[in-house]
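# Architecture at a glance
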Amino acid sequence: MTRINLTVDGQRVADDIEPRMLLVQYLRERLGKTGTVVGCDTSSCGACTVHLDGASVKSCNVLAVQADGATVTTIEGLAAEDGTLHPVQEAFHECHGLQCGFCTPGMIMQAVDLLKQNPDPSEEAVRLGLEGNLCRCTGYHNIVRAVQRAAGEMSGASTGPTTGAGEVVS
Amino acid sequence: MTATQDAPVAEIGRDRRRKEDQRLITGRTRWTDNITLPGMLHLAMVRSPFPHARISGIDTTAAKASTNVVAVLTGADLGEGQGACINAWPVVEDQVTPAHVPMPSDRVTFAGEIVAVVVARTAAEARDAAELVEVDYEELPAALDLKDAAENKVLAHPDLGTNVSAVWRFDSAEAGTGGDVEEAIAKARDGGIVIEREYRQQRLIPAFMEPRSVVVDPTGEQITVWSATQIPHILRFAIAASTGVSESKIRVIAPDVGGGFGGKLQQTPEEMIAFAVARRLGKPVKYTETRSESLLSAHHGRDQWQRLTLAADKDGNVTGLKVDLLADLGSYVAIVGGGVPVLGAFMFNAIYKFPAYQFQTTNVLTNKTWTDAYRGAGRPEATYAVERLMDELAAEVGVDPLEIRERNWIKHEEFPFTTVAGLEYDSGNYEAATARAKEMFGYDALRAEQAERRERGDRVQLGLGVSTFTEMCGLAPSRVLGSLNYGAGGWEHAEVRMLPTGKVEVVTGASAHGQGHETAFSQIVADRLGVPFEDVEILHGDTQISHKGLDTYGSRSLVVGGEALVKAVDKVIEKAKPVAAHLLEASVDDLEFGGGRFTVKGTDQGMAVTEIATAVFAAHNLPDGVEASLDSEATYDPVNFNYPHGTHLCAVEVDTETGQVKMRKYAACDDIGQIINPLIVAGQVHGGLVQGIAQALWEEAVYDENGTLVSGSFVDYLLPTAADTISFDLDHTTSPCTTNSLGAKGVGEAGTIASTPAVVNAVVDAIRHLGVNDIQMPCTPERVWRAINGGAK
């Protein structure tokens, strides 16, 4: 057993864990942070994406011991304390960027990181930036719209495009 | 947006943002794997690495001796208590159906079949111990190749004496719905056109994002099963029927379910083993599969060879179509596995007026993972075949692919139209959808660019693909299902409860897993009952709350479940009416209902239905003989399928030196009748399109010659990413369905059905001038390059 100390979603936590325990297992099984999910076993799908010291990581690909001393933010810690959604969360809702919602936590966390690095991404940049996160429901169309809308919101511009059917979106 | 009290904004047709989203975007979700119960034990499965082998011994000693391992159980240990996986659709009376024991004790029939289960205090310990279970196998010859298996070269189940599970046939001359196809073909060989092709529907994996998971709690009076399933009601029935435990002792809950696409339309061995282990040990158990286990053992989809003969006159008017399928069932006949190709039988004639038609499917057992429904289930296969053939016919006649379709399709004024397969299409407008799609796509300009690139021998050639699809959805009229020997009906159930606070609680038998029922169904109730959208709560996916239902698949939830809901709401209004009359001191005949209020005609006197609900709850002043409840339920059985259609146009760029295919543009105009929520509909189409495009270009479940699944992880099974796909241009035309009051048609499968042939037609179109008329799916760079260079397809 190895002792780790870290901060998760603003809460200081400490636990004795098996060295082989993955960060995602630690989050889900020890801390009950079940908002972060496991979608594969080859670090292909990105459903488990969280922020480790401010940068996105696939938490199935990080040992919990590697997070010792670090600050971790999960989907559950993204909204403000008063419940105000992060602009990316809001945009996913507004643009219908989710259906079953299983990939959504990872997709949102990755999108937040993407916008941090590139506040005004082109469609192509959004698509490349989300390449490590799989979604089976949306065909990515509205996810891309959501990220671009959030970029607009976060830069203070007026609202970006939304996507309804019937509306021709090119 | 303006709204006044007198004229509330109609909810139906409105882009409502989804009620479901809040919990999903904040991580406050209820996936099955999130559930932890006191004393819960964890399961790990030991799976066969061989496709066909006799189990000669299982040594569990080392595993059992491991710390925190509670039990290791084999098929022999569980015996008959484990029940069976049922086949609900024996497509012919004499179907050959291998007994499907969830965990066999004598023989395994596909790589991935479960031979032992380890029960431990943690999932990690269970998996560690599973590695210690030693199984002795005597390998047996395996039936792997579908064509060889159809000829019984090796038997998948030697005891059955054949691999052919069923041969199901339809002939329009015999059915009286059309002419004799052999005559049509013979005639076409003499001066007309005969096109003969063999197409491959590769094996696919539904690959829902949430791996399957099941929790079973046997403590208490009932056994509660949480499962990541599309079919809680059917699952409850199947567990009860195969174990002898009374249905009323089983509660099945499908909490948040992360996608299905048909892949969670199954009663699985894993669910049955978890159920058996929990009962045996008297403790709650959980099993969550790994992605590798999911790809290996959750049912696969498609996997057919299609032999096709299309007959036409010299102008391209089709005179007959003959279809001969081989369908790979895998090693068991799954819950509706044998019926998938049969569903396709009704769709090969698509939107066209074929005078003669014959269909035959030979359903074949092999030693591979079982196959069953995957988004579209039978209809994508049929649509692919006919839409590819129409392009081949156009090339033969020398006209544009849209022109050949128009010569053959059902004209708008010909609806309702009874097809050569015996279905009555109630509505449609292929002309309007095609005109709109062409406009969005810029069809003529792209054709001009294509000609220009060909002219100058550009290395990158442009191809345009057409798909004018239709489908039958809204499964299904119970009588039709009965005539096809399906084991259940196709109705759906709904209940509306009027709460004393004025809120409305709705229970549906449909079971959403991403479709947005909570939002769309709220819109229907809000409009029909005249209550605020926000005041409607939709409950589903728990057999204790929703005691009756047939679940979600086959684009049925809205058109069958939504219609049941309409009928239940109407009953509430009917029940409220005499109470309203009593309280308003008016005659029932003088009342009218609208905007959520009963009003006395010609006066301003009225009462809201929610006020009546409160009065009925108090029950202080009800008319004699009226019960103290407005709650109502309804079961709706559709009178017909419904037939969405659309014109999909795809442009691809093909690098003739590398074989690389790049998506350039995709435009689709779908007609799904009246739309309840355009936002949700667009999402369904987008996602469907990408799944269909993925079949055309990327995805394939590949087995090697040893029967091992090579594409057993997301590293090898190529789900498209955001970087692989493009944005889509969508619009719709509206030909309301005439057989339900909503005027709605299903949309869940439309995109997937339409897009696969549109893409492959585009790829072939790009390089047809180089002598190519087919490329087997998925159209990988290697296959495209070989086709261009005259090698094997």
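Residues numbered from 1 in each chain as written. Chains lettered and ligands numbered in written order. Predicted model: local features only at pLDDT ≥ 70, side-chain atom pairs only at ≥ 80, totals over all residues. Heavy atoms only, no water.

A few words now on the overall build of chain A. Along chain A, the regular secondary structure elements total five helices and five strands. Mapped from its N terminus to its C terminus, chain A presents α and β elements in the order β-β-α-β-β-β-α-α-α-α. With respect to the three principal axes, the spread of C-alpha positions in chain A is 55 × 30 × 25 Å. Counting the 170 residues in chain A, one finds 55% classified as buried. Counting only contacts in chain A whose residues sit at least 6 apart along the sequence, the fraction spanning at least 24 positions is 54%. Accessible surface, chain A as shown: approximately 6400 Å² in total, 46% of it carbon and sulfur. Charge-centre separation for chain A: the mean point of 12 positive side chains lies 5 Å from the mean point of 20 negative side chains. (Helix = DSSP H or I, 4+ residues; strand = E, 2+ residues; numbered from the N terminus. Buried < 20%, exposed > 50% of the residue type's maximum accessible area, 1.4 Å probe, protein only. Contact = heavy atoms within 4.5 Å. Areas by Shrake-Rupley, 256 points an atom, 1.4 Å probe, with all protein chains shown as cover. Lys, Arg positive; Asp, Glu negative; His and termini not counted. Charge placed at Lys NZ, Arg CZ, Asp CG, Glu CD.)

This part covers the domain arrangement of chain A. Residue and element names in this part refer to chain A. In terms of domain boundaries, chain A breaks down into domain 1 (2-77) and domain 2 (87-169). Taken over C-alpha atoms, the centre of domain 1 sits 24 Å from the centre of domain 2. In terms of surface lost to domain 2, no three residues of domain 1 exceed Thr49, His51 and Ile75, which account for 38% of the buried area on that side. Linking domain 1 to domain 2 there are zero salt bridges. On the surface where domain 1 and domain 2 come into contact, there are seven residue pairs in polar contact (both at pLDDT 80 or more). Going through the elements one at a time, strand S3 (49-52) and strand S4 (55-58) are the ones with two or more residues in the side of domain 1 that touches domain 2. For the side of domain 1 that touches domain 2, the residue count by class is seven nonpolar, ten polar and one charged. (Domains from an automatic or database assignment. Buried area = accessible area lost by both parts, 1.4 Å probe. Salt bridge = Lys/Arg side-chain N within 4 Å of Asp/Glu carboxyl O. Polar contact = N/O pair within 3.5 Å; in protein donor to acceptor, adjacent residues only side chain to side chain. Nonpolar A, V, L, I, M, F, W, Y, C, P; charged D, E, K, R; others polar.)

For the rest of this paragraph, the subject is the environment of Thr752 of chain B. Residue and element names in this part refer to chain B. Structurally, the position occupied by Thr752 is in helix H21 (residues 750-767). Judged by relative accessible area, Thr752 falls into the buried class, the value being 1%. Distance from Thr752 to Gly688, taken between C-alpha atoms, is 4.3 Å for residues 64 residues apart in sequence. For Thr752, the contacting residues outside a window of four places in its chain are Arg302, Arg375, Gly688, Leu689, Gln691 and Gly692.

Hydrogen bonding along the main chain pairs the strands of a sheet, whether they run parallel or antiparallel. All names here are of chain B. Within the open sheet, the three strands sit side by side as S22-S23-S24. Their pairing is antiparallel. Strands at the two margins of the open sheet, each flanked by one partner only, are strand S22 (591-594) and strand S24 (606-608). Mean inter-strand twist for the sheet, computed between neighbouring axes without regard to direction, equals 20°. In this structure, S22 lies alongside strand S23 (residues 597-600), joined through four bridges in antiparallel fashion. Residue pairing across strands places Leu591 opposite Val600, the latter belonging to S23. Against the sheet, helix H18 (residues 557-584) makes contact with S22, S23 and S24, and its axis sits at roughly 45° relative to S23, the strand it touches most. (Pairing = 2+ DSSP bridges. Axes fitted to C-alpha atoms, helices over the stretch in contact; angles between N-to-C directions.)

Turning to the nonpolar core, a few remarks are in order. Of all hydrophobic cores here, the largest spans 105 residues; its most connected members are Trp168, Phe348, Tyr357 and Tyr666 of chain B. It is H21 of chain B that provides the largest number of residues to this core, a total of eleven residues. With near-sequence residues (within four places) excluded, Tyr666 of chain B lies in contact with His648, Leu649, Cys650, Leu689, Ile693, Ile726, Phe728, Asp729, Ala754, Ser755, Ala758 and Val759 of chain B. Core analysis: the next-biggest nonpolar cluster, separate from the first, contains 54 residues, Ala47 and Phe92 of chain A together with Trp31 and Ala207 of chain B among them. (Core = buried A, V, L, I, M, F, W, Y, C linked by side-chain atoms within 4.5 Å.)

Attention shifts here to a negative patch on the surface. All names here are of chain B. On the surface, a cluster of negative charge is made up of Asp59, Glu134, Asp136 and Glu138. Within the secondary structure, Glu134 is located in strand S6 (residues 134-139). On the basis of relative accessibility, which here comes to 55%, the residue Glu134 falls in the exposed class. (Patch = residues over 30% accessible without salt bridge, like charges linked within 9 Å, V, L, I, M, F, W, Y side chains within 5 Å.)

Turning our attention to the side chain of Ser557 of chain B. Residues and elements named next belong to chain B. Mapping Ser557 onto the fold places it in helix H18. When its relative accessible area of 8% is taken as the criterion, Ser557 is described as buried. Among the polar contacts made by the side chain of Ser557, one reaches the side chain of His517 at a distance of 3.1 Å. Within the local environment of Ser557, its side chain forms a polar contact with the side chain of Thr552, the two groups lying 2.8 Å apart. In this view, Ser557 contacts Ala510, His517, Phe521, Thr552 and Gly562; residues no more than four positions away in its chain are not counted.

Moving on, we get to helix H17 (residues 517-529) of chain B. All names here are of chain B. Between its first and last C-alpha atoms H17 spans 17 Å; for 13 residues at 1.5 Å apiece the expected length is 18 Å, and the two agree. The set of residues buried in H17 consists of His517, Glu518, Thr519, Ala520, Phe521, Ser522, Gln523, Ile524, Val525, Ala526 and Leu529. Where H17 terminates, the next one or two residues include Gly530, which has phi positive at roughly 70°. (Expected span 1.5 Å × (residues − 1).)

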